[in-house]
Amino acid sequence: MKVSVVVNGAGHVVDCHPSTLLVHLLREELQLTGTHVGCDTSSCGACTVILDGAAVKSCTVLAGQADGREIETVEGLGPDGRLGPLQRAFAEHFALQCGFCTSGFLMAATALLRENPEPSESEVRKALEGNLCRCTGYQHIVDAVLSDPTGSGQP
Amino acid sequence: MTSIGARLPRKEDPRILAGKGRYVDDLTVPHMVHASFVRSPFAHADITSVDLAGARETPGVVASYSGSESAAGMPLIPTAAADWAPPRTPLTGDRVLYVGEPVAMVLASDPRTAVNGAERVDVDYEPLPHVLDPWEALSPGAPLVHPDRGTNKIGEIHKVIGDPDDAFARAHHVVSRRLTVQRISASPMEPRAILAVPEPSTGHLTVWLSCQGPHTLRTWLAHIFELDESKLRIVAPDVGGGFGSKLNLYSDELAVIWAALELGVPVKWVETRTENFTAGVHARDQIHDAELALDSRGKILALRSHFVGDLGAYFHFFTPVVPDLTIDTLTGNYDIPSVDIKLEKVFTNKMSIEALRGSGRAEATFVQERLIEEAARELGIDPVEMRLRNLVAPDQLPYRTPFGLTYTGGDYPALLERAAELVGYQAVRTRQAEARKVGRHIGVGFATYNLLCGFSPSGHDWNPMKFFPGHESTLIRVDPQGKAVVYSGLCPQGQGSDTVVAQIVADQLQIPFDHITVTHGDTETIPFGGGTHGSRGAVVGGHAALVAAERVVEKARQVAAAMLEAAAQDIAYEDGVFTVVGSPETAVSWHEVAEEAHFLKRCGPMFEPGLEATAFYDPPDVNFAFGANAAVVEVDTETGKVKILDFVSVDDYGVGINPGIVDGQIHGGIAQGIGQALYEQVSHDESGQVPSASFSAYLLPSAMEVPRLTLDNMVSPSDTPLGVRGVGESGTLASPPAIANAVADALAPFGVRIDRTPLRPDVVWELMHPE
């Protein structure tokens, strides 16, 4: 089947099997390997992307369900391949260690900050509940999201 | 100019934050095929037949192998740590010994087709009686995991030091408990992954592997497959967490390599999370019958623990020595003159246990700190006071433990007192009393730890493992512009050691941090090293970098001496400028020296060209880091849910090289400890299945379960040039017993015994409702 998607602002038409998951479309067809697969029960959130403005786990979305829709991945977060404010805040706060979960946290936090530019700590923690990190203990991630990276809440 | 101690941003971050990290699953090479495994659904069974026809008929399947067809051509996999190991081949041929054991492998043009093909492999099994409980495994008539041995007992170590029998005979009080540290999983966010790329025309093989140290694995690979080590290259690209679980070459990984060599094409395999829980190594799993002999003031006279270590069915590299670590660390920071420790190691029909962040020492800390807490309660002594009466005091240093370890630094009572102060101990007691009046149950718990770390001096008792070097390596190469590339033998999985190493080198070379690039994890470019495990990054790898940098500066000094027409011993190096002592106007810069070192235009051949040095640093001894944790919890007695209200960690890791990285290590260790204390358990049902084999059943703590952590530190530099001790595993040791002690404190009015973890709501509820 043919799937038409806009990813990070660029249009793509991809020919894929109906059982293809969105995460595999991104990783294997579009070579956007910044989105990772960490489990098989949609528990870990490493594959989180933004689909029409909402954070979703791309391992539980069929590529066909994304047809005609707009997807944002970690590769599109910064302007012109540079790091955006939230990404820089992650570096400043030591919010990543092995980095495997990081893109999922960045996308979940981006969706949160667009909806709620000045979240409380408990709102941040609640919004990140669907993303697992085994390295950081979360505190530095929460600090990065709470640091109001742009002053306007816009990541 | 000093980088050490500065909160410099990590060199690793920009690439990963941009989504440009490179983990094994992100790699593709031409003509690559993908593997999927057929695994045993039985804990113990004979394989009566394997029919690969269905797989071979699946369109897109390239090849399929069963252990029963291929085992004869496959090598045996040895262990690093024992003279004898149960025979293990990449694919099992005749009998499976645990659920998840690989029995067949299907290779296909894409990963989904490989899975579909594997699902069409038909294996017939004849189930055999199995044994899962270690005590049952030791009893007569138990099913034998390895019948040839005639017993499930792997071995026994019994250490009696001092006069424990006398101490127990004359004790004012004895506290006894059976304490269980459950089986857990490392659960790195990136599962295991491998891409084996053979080059049949030359006989070379490159293996991209998510691992913790490529050199030792290269030696093992050459040994196992009888290959020429010089034709093998192992590369660890970005590694998404390891925590001890990626030190090994596993059966399935070896099957992938074997298939790549057989077929002459690249083979890739990425583990599923379910596989990581069944076929990835487990950890902990000890049961201690432990007791303390005490005098009337609560001074500990002796510690006895007779414990069993359930090692599973096979040996991975460290399997048989992990519980040994528990023995010699059981007295922790406490002054205990007499000990009687007996360990029995047992085979069961489960996956192997292995190293996991804090391995051996976390089990010891749980046992000692639960016992001391219970002793305080039974004697009516405040638990902080109880510990202060028994901790090794600063004036006892250097202190030799009953097991012969020598502690030379630190103030253990001060660390505990600081933790009590930061948690507001007296205020918590007041709050606890107030809460009890309205039926709420708050508890406070403490634990201290002593982390034996920095593994390990070659030839030392702590380093009995074959083909595991105790040293670490660093090569520093300075280019004509004066910038340096550092090739470190460490193999980080998120520890940030590229940054730490750069900070150490920057201070020695006196060049900007940004002029240093650190690379690691490739046997083709990096000098032979040990990799990253056992809190050794800074204390072993850091010193290798330090010594290499000192050698580079020494070489630069010779070049400067030639340029300045002076003797090398008369050349001073400060702020990036070489001067002749006594005439500071006679100077050359680092950049000028670096250029001259390569082109010799000013001096001619007065020195060997080049500006680089290699160092192999073998630590003179193991090291110790220590600290104290305090936890405040509230237990909902209606639901059994434990909520952590406050958590304090006061640590002495010696000199900290980068505070952001060090704090992150402690945070992460504590989060894993919270998981061990409250949520995580690899469970086996009666048939030996693993119902916990997913993140929906094996619960890692999320941002909702890990509270904001309060950290403080004290600095007692180690007896090493950098003064560092170790920090990678620190958070994992005291956090589980501190939380368990807090739960016990909260539930003290109910007479509930906390003898095991995890303290999940259902477990706590059942403790509250024993009927």
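None of these values were measured; they are calculated from a predicted model. (Residues numbered from 1 in each chain as written. Chains lettered and ligands numbered in written order. Predicted model: local features only at pLDDT ≥ 70, side-chain atom pairs only at ≥ 80, totals over all residues. Heavy atoms only, no water.)

Concerning the overall build of chain A
Okay, step 1: What chain A contains, in helices and strands, is five helices and five strands.
Okay, step 2: Reading the secondary structure of chain A in the N-to-C direction produces β-β-α-β-β-β-α-α-α-α.
Okay, step 3: Since a compact globule built from 155 residues should have a radius of gyration of about 15 Å, the 15 Å found for chain A is in line with a globular shape.
Okay, step 4: Reported as C-alpha extents along the three principal axes, the dimensions of chain A are approximately 45 × 30 × 25 Å.
Okay, step 5: Buried positions account for 57% of the 155 residues belonging to chain A. (Helix = DSSP H or I, 4+ residues; strand = E, 2+ residues; numbered from the N terminus. Rg over C-alpha atoms; globule rule 2.2 N^0.38 Å. Buried < 20%, exposed > 50% of the residue type's maximum accessible area, 1.4 Å probe, protein only.)

Section: the sheet that holds strand β27 (residues 642-652) of chain B
Residue and element names in this part refer to chain B.
Okay, step 1: Sheet architecture is open: four strands sit in the order β18-β26-β27-β28, paired in mixed fashion. What marks the edges here is a single partner per strand, and that holds for β18 (441-453) and β28 (709-713). When strand polarity is set aside, the average angle formed by the axes of neighbouring strands in this sheet is 15°. (Pairing = 2+ DSSP bridges. Axes fitted to C-alpha atoms, helices over the stretch in contact; angles between N-to-C directions.)

Side note on the nonpolar core
Okay, step 1: By size, the foremost hydrophobic cluster in this structure holds 147 residues, and its most contacted members are A:Phe90, B:Leu292, B:Phe446, B:Val633, B:Leu678, B:Ile739 and B:Val743.
Okay, step 2: In this view, A:Phe90 contacts A:Ala95, A:Leu96, A:Thr102, A:Phe105, A:Leu106, A:Ile141, A:Ala144, A:Val145 and B:Leu17; residues no more than four positions away in its chain are not counted. (Core = buried A, V, L, I, M, F, W, Y, C linked by side-chain atoms within 4.5 Å. Contact = heavy atoms within 4.5 Å.)

Description of helix α12 (residues 383-390) of chain B
Residue and element names in this part refer to chain B.
Okay, step 1: For α12, the complete set of buried residues consists of Pro383, Val384, Met386, Arg387 and Asn390. Seen from one end, α12 has its buried residues packed into an arc of 160°, which puts them on one side.
Okay, step 2: The backbone nitrogen of valine 384 has a side-chain oxygen 2.8 Å away, supplied by the residue at the start of α12, namely aspartate 382. (Arc of directions from axis to C-beta. Polar contact = N/O pair within 3.5 Å; in protein donor to acceptor, adjacent residues only side chain to side chain.)

Examining the pairing of strand β20 (residues 484-488) of chain B
Residues and elements named next belong to chain B.
Okay, step 1: Most of β20 is tucked away, with four of its five residues classed as buried.
Okay, step 2: Where strand β19 (residues 472-478) and β20 come together, five bridges link them in antiparallel fashion. Opposite leucine 475, over in β20, you have tyrosine 487 as the bridge partner.
Okay, step 3: Counted between consecutive antiparallel strands, the loop separating β19 from β20 contains five residues, among which glycine 482 sits at a positive phi close to 90°.

Quick word on the pattern of salt bridges
Residue and element names in this part refer to chain B.
Okay, step 1: On inspection of all chains with the given rule, the structure shows 61 salt bridges over all chains.
Okay, step 2: Across the pair glutamate 374 and arginine 177 runs a salt bridge whose closest N-O atoms are separated by 3.0 Å. Residue glutamate 374 is found in helix α11 (residues 361-379), and its partner arginine 177 is found in strand β8 (residues 173-185); the two are separated by 197 residues along the sequence. One exposure class covers both glutamate 374 and arginine 177, and it is buried.
Okay, step 3: Here arginine 389 ties to glutamate 385 by a salt bridge, and the two come within 2.8 Å at their closest N and O atoms. (Salt bridge = Lys/Arg side-chain N within 4 Å of Asp/Glu carboxyl O.)

Overview of the sheet that holds strand β22 (residues 571-574) of chain B
Residue and element names in this part refer to chain B.
Okay, step 1: Strand order in the open sheet formed by three strands is β22-β23-β24, and the pairing between neighbours is antiparallel. Edge strands, defined here as strands with exactly one partner in the open sheet, are β22 and β24 (583-589). The sheet shows a mean angle of 35° between the axes of neighbouring strands, direction not considered.
Okay, step 2: Of the strands in this sheet, β22, β23 (577-580) and β24 touch helix α16 (residues 537-564), which is tilted by about 125° from β22.
Okay, step 3: The strands touched by helix α17 (residues 590-599) are β22, β23 and β24; relative to β24, the strand with the most contacts, the crossing angle is about 55°.

Things to note about the domain arrangement of chain A
Residues and elements named next belong to chain A.
Okay, step 1: As assigned here, chain A comprises domain 1 (2-75) and domain 2 (79-146).
Okay, step 2: Relative to domain 2, the C-alpha centre of domain 1 lies at a distance of 20 Å.
Okay, step 3: Between domain 1 and domain 2, the residue contacts involve 18 residues of the former and 14 residues of the latter.
Okay, step 4: The junction of domain 1 with domain 2 conceals about 1200 Å² of combined surface from both sides, 58% of it contributed by carbon and sulfur atoms.
Okay, step 5: Area buried by domain 1 at its contact with domain 2 is led by His36, Ile50 and Val74, which between them contribute 36% of it. (Domains from an automatic or database assignment. Buried area = accessible area lost by both parts, 1.4 Å probe.)

A short note on the pairing of strand β21 (residues 516-520) of chain B
All names here are of chain B.
Okay, step 1: Side chains of β21 alternate between two faces, with Ile516, Val518 and His520 buried and Thr517 and Thr519 left unburied.
Okay, step 2: In this sheet, β21 lies alongside β20 in parallel orientation, the contact comprising five bridges. Looking at the pairing, valine 485 lines up with threonine 517 of β21.
Okay, step 3: With helix α15 (residues 497-509) bridging β20 and the parallel β21, this β-α-β connection has right-handed handedness. (Right-handed = clockwise from strand over helix to strand, strands pointing away.)

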